Structures are given as structure tokens and as C-alpha cells.
Amino acid sequence: MNPLTFAALRRLADGRFHSGEAIARELGRSRATLSEALGHAGELGVEVFSVRGRGYRLAAPVDFLDAGAVAAEMAAGSQAAPGIHVQVVDEVDSTSSRLLALAAAGAPSGTCLAAEWQSAGRGRRGRAWISSLGGSITFSVLWRFERGAGHLGGLSLVAGLAVARALAACGARRVAVKWPNDVVVDLRKLAGLLVETSGEMAGPSVAVIGVGLNYRLPEAVRDRIDQPVLDLARATPDLPSRSVVLGRMLRELEAALRGFEREGFAPLREEWLATHAYQGRPVRVLPAGEPPYEAVVTDVGPDGTLLVTLPSGRSMALSSAELSLRGQKAEA
Ligand code: BTN
């Protein structure tokens, strides 16, 4: 995306009319170049109106991230310096892909990248992650562990729980987790996590935790998502700014990652079970590349595996799969 598009959208962020001539002058470009740059806003999921004699206006204000406000929210109420260091960029292909490359190049634990726009955001199982400029919060955190990659089993559950806690603290009601690490409200997806790990069996290992939150998705963007979704704006009566929400998620994630480093998933297992939207419920299990089957969710293991019972009465421990609820209208 043309950097001028982001610069022009920043000047229009308040949702009021702004003269095209004044913006073009401020940015040192011609009005024709500005008009061409704003012509690409639709690709970011942002609608721009142009009215002769009044200028340009956004259909809805865009709340751009402010790295200082994110850092301030992370530090709120804590004496210790945050162990996560956030960089905010306008555009990247995928914050997780970028952090995986940085991890391989030796980037330190706690490196975090948040992007206003991902041109190739990735979901689980090779799906695309659909978002819009200002309508989503997309970021990834790199964390290094002493333990081996084979012992990071419960990490994705811990990370999902941390995001759920942060969103509840932002005022979202009825927040729940869905194994392995979605955050849902009334079975609709509010946030998704992609946890990618690598390293030696005996350690050390590294995890890149990517989080995509639906913050205030325009209807046209919601319509492109092939599962029931909800955004934070509809889940909370008093929506905090994107920077505050990001800061809270990072604060909870850091605490959860430090706890997981010390004690693993076990101390959070009860809280996770109490927050699991699918606990004790009949589900359809969708293993990657295999036919789906029916089961009932019974428990979660100390290593984060999901325990289900098949119609035959046999128990199974799942370490990866997707779930959908049986007999519900909104299948999340
Ligand atoms: C899922 O539910 O399928 C996981 C979605 C994860 C999306 C986030 S957005 C930030 C980070 N960068 C990516 O490319 N993906 C993750």
C-alpha cells in the first residue's frame, strides 16, 4: 500500500470533512496524487467520501494506534518495566511472519509488532485473517523459553485465556474461550490466536503468539468472514481506545507468559475449564485433513490437550483440531 494513503487517512482520522487542497499541501503532493492515494482506502476496508466544496470525510473515524499510549497502559499499576516492547507499523504482510523471521535472526524475548494493516494476515490452518484498518487489532509477540518446544503444549490455552481476561477487563460481557485458543462471546468469535513454536526438544524454544481482535469491523468486512463473529464495539458498552485495549492484552499476556514459564498450564486449568464455552457440550471435531466426527467435550489435560468422549464411549485426547458446536444456529 502507498505510504501516502496512510498519511492522508491519518489526517482524515477524526471523521470530519477536511479540504483536499489543505491535505495535499501539508503532504507536499498534488491534489491528483492525493485523490489517487485515497482511491486505495477501500482495499483497507475504509470508506472515504468526497464532496465538492467540502473535501474528504471518512464514513467512520479511525482510531490509529499510539505506541506511547500502548506502553503507558502496559505499565499502569506496575512498578516493574514491561518485558514486552511494542513497535507499531502501518503495514506488514503478517506480524507473525515478520516476528518468525526476526526470531530466527536472534530478536530478544518480548519483541512485539503491531500493524495497522496486514496485507497477508494468516489464520490457523492456512486460512487468511480478515481485518480492516482501525477495525481490528493485529499484533504478535515473540517469547523465548528455557523448556523444549515439546513442553509448550498448554501455551496456546494460556495465551487465549490472557486475551479473554483482558477483553473482559475492557468491559466485554460473557467472554469465553474456545479450545484451543479462540476468544468468543455467545459462540461468536471476538479474537483468534495463532501460536507458532520452534526449537530443540530439550530446549530452548521460541514461540510467536499472533493475536487478531475484531475491534469495530465495518459491515462489509464482517460479511467477508465465513464464521459467526462479533466485535468488541458490540460486546462492551464503553469501548476503550485501540491503544488501551492493546496495552491491556499485552499486560495480561506478559503476566500469563511469565506464569507459564514458571509453572506451565496446570495452575490455570480450573479457570480455563470454567471459561470454556464448549465444556461438556456435543461437538463436531474437525481434524486437519481427516473426516469430521462427533464427540462430547469432557475435560482438558495438564498439557492443554482436549479430552473428548466418542459415541462409542471411548475417550480421546486431542492436541490439534477445530471444533464446532452441534445443534446450534451460530456454529463458532
Ligand atoms: C485464527 O483464529 O485462525 C488465528 C488468527 C490469528 C490472526 C493474527 S493477526 C496477527 C497475527 N499475524 C498473522 O498473520 N496472524 C496473527
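Structural data are supplied above this passage.
Calculation criteria
- Within every chain, residues take consecutive numbers counted from 1 along the sequence as written.
- Given that this is a predicted model, residues contribute local features only at a pLDDT of at least 70 and side-chain atom pairs are listed and counted only at 80 or more, while totals for whole chains, interfaces and linings are drawn from all residues.
- Heavy atoms throughout the structure, all of them, feed into the side-chain values; hydrogens and water do not.
- Only strands that DSSP links by at least two bridges are regarded as paired with each other.
- Each helix corresponds to a stretch of at least 4 residues labelled H or I by DSSP, and each strand to a stretch of at least 2 residues labelled E; elements are numbered beginning at the N terminus.
- To get an axis, a line is fitted to the C-alpha atoms, and for a helix only the part in contact is used. The angle between two axes follows their N-to-C directions and goes from 0 to 180 degrees.
- Three exposure classes are used, based on accessible area relative to the maximum for each residue type with a 1.4 Å probe and protein chains only: buried under 20%, partly exposed in between, and exposed over 50%.
- The contact criterion used is simple: two residues touch if any of their non-hydrogen atoms lie within 4.5 Å.
- Geometry of aromatic contacts follows a simple scheme: Phe, Tyr and Trp rings, the Trp one being its six-membered ring, pair when their centres are within 6.5 Å, and the pair is stacked under 30 degrees between planes, edge-to-face over 60, tilted otherwise.
- Think of it as a cone above the ring: NZ of Lys or CZ of Arg counts as a charge over the ring if it is within 6 Å of the ring centre and within 35 degrees of the ring normal.
- Lining residues are those with an atom within 4 Å of a point, where the points come from a 1 Å grid over the protein atoms alone and group into cavities, where a 1.4 Å probe fits but cannot get out, or pockets, open sets with protein on both sides within 12 Å along at least five of seven lines.
- Grid points are joined across faces, edges and corners, and a volume is the space filled by probe spheres set on the points.
- Polar here means any residue other than Ala, Val, Leu, Ile, Met, Phe, Trp, Tyr, Cys and Pro, which are nonpolar, and Asp, Glu, Lys and Arg, which are charged; Gly is therefore polar.

1. Notes on the sheet that holds strand 6 (residues 175-178)
The strand order 3-4-5-9-8-7-6 describes an open sheet built from seven strands, whose pairing is mixed. In the strand order of this sheet, the two ends are held by strand 3 (85-92) and strand 6, each with one partner. Strand-to-strand, the axes of this sheet are offset by a mean angle of 20 degrees, without reference to chain direction. When strand 4 (residues 111-118) meets strand 5 (residues 136-145), the two strands line up antiparallel, connected through four bridges.

2. Digging into the environment of arginine 174
Its location among the elements puts arginine 174 in the loop between helix 6 (155-169) and strand 6. The class for arginine 174 is exposed, based on a relative accessible area of 57%. Sequence spacing of arginine 174 and valine 184 is 10 residues, and the spatial spacing of their C-alpha atoms is 8.4 Å. Those residues in contact with arginine 174 that lie beyond four places of it in its chain are Val184, Val185 and Asp186.

3. Concerning the packing of aromatic side chains
Inspection of the entire model under this criterion finds one aromatic pair. Consider the rings of phenylalanine 145 and phenylalanine 260, whose centres lie 5.9 Å apart with planes at 85 degrees: the pair is edge-to-face. Here phenylalanine 145, found in strand 5, pairs with phenylalanine 260, found in helix 9 (residues 242-263); they are 115 residues apart in sequence, far enough to count as distant. One exposure class covers both phenylalanine 145 and phenylalanine 260, and it is buried. Here arginine 10 stacks its cationic end above the ring of phenylalanine 64, 4.4 Å away from the centre of that ring. Stacked on the ring of phenylalanine 17, the Lys or Arg arginine 57 has its end atom at 5.5 Å from the ring centre.

4. Re the layout of surface pockets
The volume enclosed by the largest pocket comes to roughly 490 Å³. In this structure, the largest pocket is lined by 25 residues; those nearest its centre are Ser156, Pro180, Val195, Ser319 and Ser320. Looking at the lining of the largest pocket, the elements with two or more residues in it are helix 6 and strand 8 (188-199). In the lining of the largest pocket, the residues fall into 11 nonpolar, 10 polar and four charged. By volume, the second largest pocket is sized at about 370 Å³. Taken together, 28 residues make up the lining of the second largest pocket; nearest its centre are Arg122, Gly123, Ala128, Trp129 and Ile130. For the lining of the second largest pocket, the elements supplying multiple residues, two or more each, are helix 5 (95-104), strand 5, strand 8 and strand 9 (205-214). Looking at the lining of the second largest pocket residue by residue, the classes come out as nine nonpolar, 13 polar and six charged.

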